[in-house]
Amino acid sequence: VTGAGMTNLSKNAIPKPLHFGIVTVPRFIIGSMILIGIVINIANVIGRYLFLEPIIWAEEIMIYIMVWTVFIGAILVSYDGQHLKMDVFSIMLPSPYKEIINFIATASVLLVCVYVIPNNWIVVELMWNNDQRSVVAEVPMVIPHFAILFGFSMIFVAIVVRFRADSVFLTCHF
């Protein structure tokens, strides 16, 4: 059910707006964020070595960009089922056992999401209520902490959508 990735046939079982929201939008955001990080880095290098005036907030902002990029990228990886897994033994198992192991792995990721989401909600709420800010750039700390909440929530949605698409595909074609 949840192998190395979705087949093209099972991807067709997902409505286009949902696929757009889970795949196209995150890819665009990741690409944009990486380009913004590159521009900030180049500007910082030019400022530091040409004008001897570095952008003091550049590294901090690039770290937050990377945090967001990682969690948005995790949505895509989870949706495609391409995350790192220890499948050295499971790929050698015969058919019913392989699917059982993959189901357990998928259920485990969903359980981790169910654990992280409410716990991180508390942290995000604390950051929001206390208006805690970063040291140099004075970015509200709710922004980087919300990346975790958003990422795990969307990972949960992506896996459920993938699981349902694979299930619909299997029930319709076999």
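Caption draft 1: Just the nonpolar core, in detail. Of all hydrophobic cores here, the largest spans 32 residues; its most connected members are I22, I40, I61 and Y79. Secondary-structure elements contributing two or more residues to this core are α2 (16–49), α3 (58–80), α4 (95–130) and α5 (142–173). Beyond its immediate stretch of four places on either side in the chain, I22 contacts I75, L76, Y79, V157, A158 and V161.

Caption draft 2: Representation of the environment of V112 within the structure. Mapped onto the secondary structure, V112 falls in helix α4. What makes V112 partly exposed here is its relative accessible area of 43%. Separated by 40 residues in the primary sequence, V112 and F152 have C-alpha atoms spaced 8.7 Å apart.

Caption draft 3: Up close: the packing of aromatic side chains. For the structure shown, the criterion picks out five aromatic pairs. Both rings, one in W68 and one in F146, keep their centres 6.1 Å apart while their planes meet at 40 degrees; by these two values the pair is tilted. With W68 in helix α3 and F146 in helix α5, this pair connects stretches of sequence that are 78 residues apart. On the accessibility criterion, W68 (15% relative accessible area) is buried.

Caption draft 4: Just unusual backbone geometry, in detail. Although it is not a glycine, L52 adopts a positive phi angle of roughly 55 degrees. On the secondary structure map, L52 appears in the loop between α2 and α3. Assessed through its relative accessible area of 66%, L52 is described here as exposed. Of note in the backbone geometry, E138 takes a positive phi value of approximately 55 degrees without being a glycine. Relative to the assigned elements, E138 resides in the loop between α4 and α5. Judged by its relative accessible area of 52%, E138 falls in the exposed class.

Caption draft 5: The confidence of the model for the protein chain, seen in detail. Looking at the protein chain, pLDDT values average 86 and 85% of them are 70 or higher. Averaged over each element, pLDDT in the protein chain is lowest for helix α1 (residues 8–11) (48) and highest for α3 (95). Scored below 50 in pLDDT, residues 6–10 shows twelve contacts in the model against residues more than four places distant or in partner chains.

Caption draft 6: Main features of the side chain of S134. Its location among the elements puts S134 in the loop between α4 and α5. When its relative accessible area of 6% is taken as the criterion, S134 is described as buried. Only 2.4 Å separates the side chain of S134 from the side chain of E60, close enough to count as a polar contact. When near neighbours in sequence (up to four residues on either side) are disregarded, S134 contacts E60, Y64, V139 and M141.

Caption draft 7: Local environment of the environment of T106. Assignment of secondary structure puts T106 in helix α4. For T106, a relative accessible area of 8% puts it in the buried group. Along the primary structure T106 and F156 are separated by 50 residues, whereas in three dimensions their C-alpha atoms are 9.9 Å apart.

The rules behind the values
Residues numbered from 1 in each chain as written. Predicted model: local features only at pLDDT ≥ 70, side-chain atom pairs only at ≥ 80, totals over all residues. Heavy atoms only, no water. Core = buried A, V, L, I, M, F, W, Y, C linked by side-chain atoms within 4.5 Å. Buried < 20%, exposed > 50% of the residue type's maximum accessible area, 1.4 Å probe, protein only. Helix = DSSP H or I, 4+ residues; strand = E, 2+ residues; numbered from the N terminus. Contact = heavy atoms within 4.5 Å. Phe/Tyr/Trp six-rings, centres within 6.5 Å; stacked < 30°, edge-to-face > 60°. pLDDT = per-residue confidence, 0-100. Polar contact = N/O pair within 3.5 Å; in protein donor to acceptor, adjacent residues only side chain to side chain.

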